Amino acid sequence: MTIDAHKGNGIAAANGSGLLDPAVFQERLDRLAEVAVRVGLGLSRGQELVMTAPLDALPLARRITGHAYKAGASLVTTLFTDEEATLMRFHHAPDESFDRAAEWLQNGIAAAYRSGAARLGIAGTNPALLAREDPGKVARANLALSKASRPALDLITRHEINWTIVACATPAWARQVFPNDDEQTAVARLWTAIFAVTRVDSSDAVQNWRNHDAQLQKRAQFLNERRFSALHFRGPGTDLRVGLADDHLWLGGGTTARNGIPCIPNMPTEEVFTTPHKDRVNGVVASSKPLSYQGTLIEDIRVRFEGGRIVEASAATGEAILRRMVETDEGARRLGEVALVPHSSPISKSGLLFWNTLFDENAASHIALGQAYSTCLRDSDTLDASQLAAKGANSSLIHVDWMIGSGRMDVDGIHADGSSEPLMRLGEWVE
Ligand code: ZN
Ligand code: ZN
């Protein structure tokens, strides 16, 4: 799962219908907004909504605002971000700027959540926005933002409130996904892909989502009944044993937030996921897709774990960013999530690399460095931080998913007595 909606750009959204009939485009855009509000958020009557969106996602943000008020929202507040302004900071701001974040704003967002507001993030930023900026400044700015947003992030990862993330095709992102097309075509193709993988192509999208959600819940239930103590991944460059946290819980599809509202936090979602044991991960693992990390690209990651810690890390590109990422804090070099996704998922079948975790993590089995989701532990609401850690749940300022699955990955479930059971062969569920 991703908690990050920091991706996006999108005025061409308004006319990004080069491959789609304009009326069909508007209909699907509206359906995406409706599904996001009704199924993704499950927004309840009288609830406030805080939305974050790239400036270019204005047309989608407005559709969502409309559906939110129709669903009874008491107030919708949207915080837009401008990528050009971000670049101006990197090009012109004094050095001390990179240790600052708008703490007052992040505290305000956390206060809104505490008073009952739901959260909707629109993803769609340029995945390579900061690729040519100073990695040191990028890392410092990310760290400052991570620290400032920690209170809000805690409420999200603990599912105190209902929240969801959806995506908007934006010009810079579309150009990255379809580098050989002109901008208008690229945006139209990206929209077509987003509509397909977020399952809003057909008129009964709300029912489709309920069915898909039920399938994922069933898969999670199967894994919960098995009570594996570890998973063993084998594939090109990978021979990794991931111990699972004591009392771990597999989740997939929707969750009922602690405010009692059922929501689906990521749209699309194809994964079932749980909490690994932070001290019981051993072996080597290679990424199977590039990772887009806060405006930079990290490709061909190879790491070695010993006793849960990364002891060696390299990457063909973005290695400096990778190293700084794992040095964020002690938890940043340990796992906080392991997720299984079949190679035949619609996103994988699209054959596209989206350069965006919301999509790419749902194309392949993956692991995440950093913060664990405490909701992936039984009775987690009765446990304090030290009890969560004792069960193996990791803690960190970061949570970064990266893809390790492919059509060549085998996964076994390992029981406490050491016996194993095939779960996936060549990237597909066995049964
Ligand atoms: Zn995940
Ligand atoms: Zn994740």
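This one's a predicted model, so the numbers in the text were calculated from it and none came from an experiment.

Draft legend 1. Here's a closer look at the sheet that holds strand β1 (residues 48-54). Read from one edge of the open sheet, four strands run β2-β1-β3-β4, paired in parallel fashion. Each edge of the sheet is formed by a strand with only one pairing partner; in this case those strands are β2 (75-81) and β4 (163-167). This sheet shows a mean twist of 15° between the axes of neighbouring strands, independent of strand direction. Pairing geometry for β1 and strand β3 (residues 118-123), over four bridges, is parallel.

Draft legend 2. Quick look at the nonpolar core. Formed by 76 residues in total, the largest nonpolar core has its most connected members in L60, I64, L120, I122, L190, W191 and I194. When residues of this core are assigned to their parent elements, the largest contribution, nine residues, is made by helix α1 (residues 22-41). In this view, L120 contacts A36, L41, L49, V50, M51, T52, I64, T164 and V166; residues no more than four positions away in its chain are not counted. Membership of the second largest hydrophobic core comes to 40 residues, among which are L223, W250, V272 and V303.

Draft legend 3. Summary view of the sheet that holds strand β20 (residues 420-425). Taken together, eight strands build an open sheet; the order of strands is β15-β14-β11-β6-β5-β19-β20-β21 and the sheet is antiparallel. Each edge of the open sheet is held by one strand with a lone partner, namely β15 (309-314) and β21 (428-429). Relative to β20, strand β19 (residues 410-414) is paired through four bridges, and the arrangement is antiparallel. Counted as the bridge partner of D412 is P422 from β20. Strands β20 and β21 of the sheet are contacted by helix α9 (residues 205-226), whose axis makes an angle of about 160° with β20.

Draft legend 4. Structural context of the domain arrangement of the protein. Domains assigned within the protein are domain 1 (5-197) and domain 2 (227-250 + 270-429). Each of domain 1 and domain 2 was reduced to a C-alpha centroid, and the two centroids are 25 Å apart. At the interface, 34 residues of domain 1 touch 26 residues of domain 2. Inspection of the region where domain 1 meets domain 2 yields zero salt bridges. On the surface where domain 1 and domain 2 come into contact, there are four residue pairs in polar contact (both at pLDDT 80 or more).

Draft legend 5. Layout of the layout of surface pockets. The computed volume of the second largest pocket comes to approximately 360 Å³. As for the second largest pocket, its lining consists of 15 residues, of which Q215, L216, R219, P342 and W429 are closest to the centre. Its residues assigned to classes, the lining of the second largest pocket comprises seven nonpolar, three polar and five charged.

Draft legend 6. Region of interest: the pattern of salt bridges. Evaluation of the coordinates by the stated rule reveals 24 salt bridges. Among the ionic pairs, D279 bridges to R334, the shortest N-O distance being 2.9 Å. In this pair, D279 sits in strand β11 (residues 276-286) while R334 sits in the loop between α10 (319-326) and β16 (335-340), placing the two residues 55 residues apart along the sequence. By relative accessible area, which is 34% here, D279 ends up partly exposed. For R334, the salt bridge goes to E330, with nearest N and O atoms at 3.1 Å.

Draft legend 7. Seen up close, α9. With 22 residues, α9 should cover 32 Å at 1.5 Å per step; its first-to-last C-alpha distance of 32 Å lies within 8% of that length. Taken together, the buried positions of α9 are occupied by A205, V206, W209, H212, D213, L216, A220, L223 and N224. With its buried residues spanning 125° around the axis, α9 presents them on a single face. Across from the buried face of α9, at angles greater than 90 degrees, the exposed residues are Q215, K218 and E225. Phi turns positive one or two residues past the end of α9, at R227, with a value near 50°.

Conventions adopted
Residues numbered from 1 in each chain as written. Chains lettered and ligands numbered in written order. Predicted model: local features only at pLDDT ≥ 70, side-chain atom pairs only at ≥ 80, totals over all residues. Heavy atoms only, no water. Pairing = 2+ DSSP bridges. Helix = DSSP H or I, 4+ residues; strand = E, 2+ residues; numbered from the N terminus. Axes fitted to C-alpha atoms, helices over the stretch in contact; angles between N-to-C directions. Core = buried A, V, L, I, M, F, W, Y, C linked by side-chain atoms within 4.5 Å. Buried < 20%, exposed > 50% of the residue type's maximum accessible area, 1.4 Å probe, protein only. Contact = heavy atoms within 4.5 Å. Domains from an automatic or database assignment. Salt bridge = Lys/Arg side-chain N within 4 Å of Asp/Glu carboxyl O. Polar contact = N/O pair within 3.5 Å; in protein donor to acceptor, adjacent residues only side chain to side chain. 1 Å grid on protein atoms, 1.4 Å probe; cavity = no way out; pocket = protein on both sides within 12 Å on 5 of 7 lines; lining within 4 Å. Points joined across faces, edges and corners; volume = space filled by probe spheres on them. Nonpolar A, V, L, I, M, F, W, Y, C, P; charged D, E, K, R; others polar. Expected span 1.5 Å × (residues − 1). Arc of directions from axis to C-beta.

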